[in-house]
Amino acid sequence: MIPIHLDPAKTRIGLVGRGPLTVRRLGWFQGLGVTPLLFSDCPGPDLAAAAGSELISRLPNSDDLLSLHVLWVADLEPAEAEALGAVARAAKVLLNTEDVLPLCDFHTPAIVRRGRLVLSAGTGGGSPAAASFARERLAAAFPEAWDEMMEALAAERLKMKEAGATMAEMREAAFAKLIAAFGPPNLGGSF
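The structure contained in this document is the topic of the report that follows. What you are looking at is a predicted structure, and each value in this text was computed from that prediction instead of being measured. (Residues numbered from 1 in each chain as written. Predicted model: local features only at pLDDT ≥ 70, side-chain atom pairs only at ≥ 80, totals over all residues. Heavy atoms only, no water.)

This paragraph deals with the nonpolar core. Val-16, Leu-65, Leu-71, Val-73, Leu-76, Leu-84 and Val-93 are the most contacted members of the largest nonpolar core, which totals 14 residues. For this core, the secondary structure elements donating two or more residues are strand E4 (70–73) and helix H4 (78–90). For this core, the element with the most residues is H4, which contributes three residues. Setting aside its immediate chain neighbours within four residues, Leu-84 contacts Val-16, Pro-60, Leu-65, Leu-71, Val-73 and Leu-76. (Core = buried A, V, L, I, M, F, W, Y, C linked by side-chain atoms within 4.5 Å. Buried < 20%, exposed > 50% of the residue type's maximum accessible area, 1.4 Å probe, protein only. Helix = DSSP H or I, 4+ residues; strand = E, 2+ residues; numbered from the N terminus. Contact = heavy atoms within 4.5 Å.)

Written out as structure tokens, the structure reads:
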């Protein structure tokens, strides 16, 4: 697996589905401040309510898929998911079909967000429960105080960069601030 972070401002994202897994994935997107193109030809009542006016009341066609970079699929019958996946892949769209490994070009990690800091844990689809467990450990290790810290570090980095600081100087200043707030990293102990 190659871990990456996609910028939704630069990535066209689609979500297709009908039921509770789609509602859950939509909630995940909304929690990240992302509004995917949401397609459903037969949305359950919870999905219709969660989607509101953002719902496109059909499955995506090939033109829709050509406009996307990434597509999440959930709650479709296996044959429908396979057919949609084939068209998406032909359009060079990265595909994730919820809990169907052969129809996943990527896997969605469990995440912890602390402002600009996004920590993720993934198992390549092998054990979502293990990724969730790791997420809980990360959440405990990185308290909410990191939200404000990330804003302060970003502002300080920008000032230093404008003043001509080197990457090493910016890193040293950030580490000093982090150690003062959270203590040194535990490089030898257990997590």
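We now examine the pattern of salt bridges. Enumeration over the complete set of coordinates arrives at eleven salt bridges. A salt bridge links Arg-58 to Asp-64, with the nearest nitrogen and oxygen atoms 2.4 Å apart. A relative accessible area of 35% places Arg-58 in the partly exposed class. What makes Asp-64 buried here is its relative accessible area of 14%. (Salt bridge = Lys/Arg side-chain N within 4 Å of Asp/Glu carboxyl O.)

With that out of the way, let us pick up the sheet that holds strand E3 (residues 55–56). Within the open sheet, the five strands sit side by side as E3-E2-E1-E4-E5. Their pairing is parallel. The two strands at the open ends of the sheet, each matched to only one other strand, are E3 and strand E5 (94–97). In this sheet, strand E2 (residues 37–39) lies alongside strand E1 (residues 13–16) in parallel orientation, the contact comprising three bridges. Directly across from Leu-15, in E2, lies its bridge partner Leu-38. Strand contacts of helix H1 (residues 20–31): E1, E2 and E4, with the helix running at about 155° to E1, the strand carrying the most contacts. (Pairing = 2+ DSSP bridges. Axes fitted to C-alpha atoms, helices over the stretch in contact; angles between N-to-C directions.)

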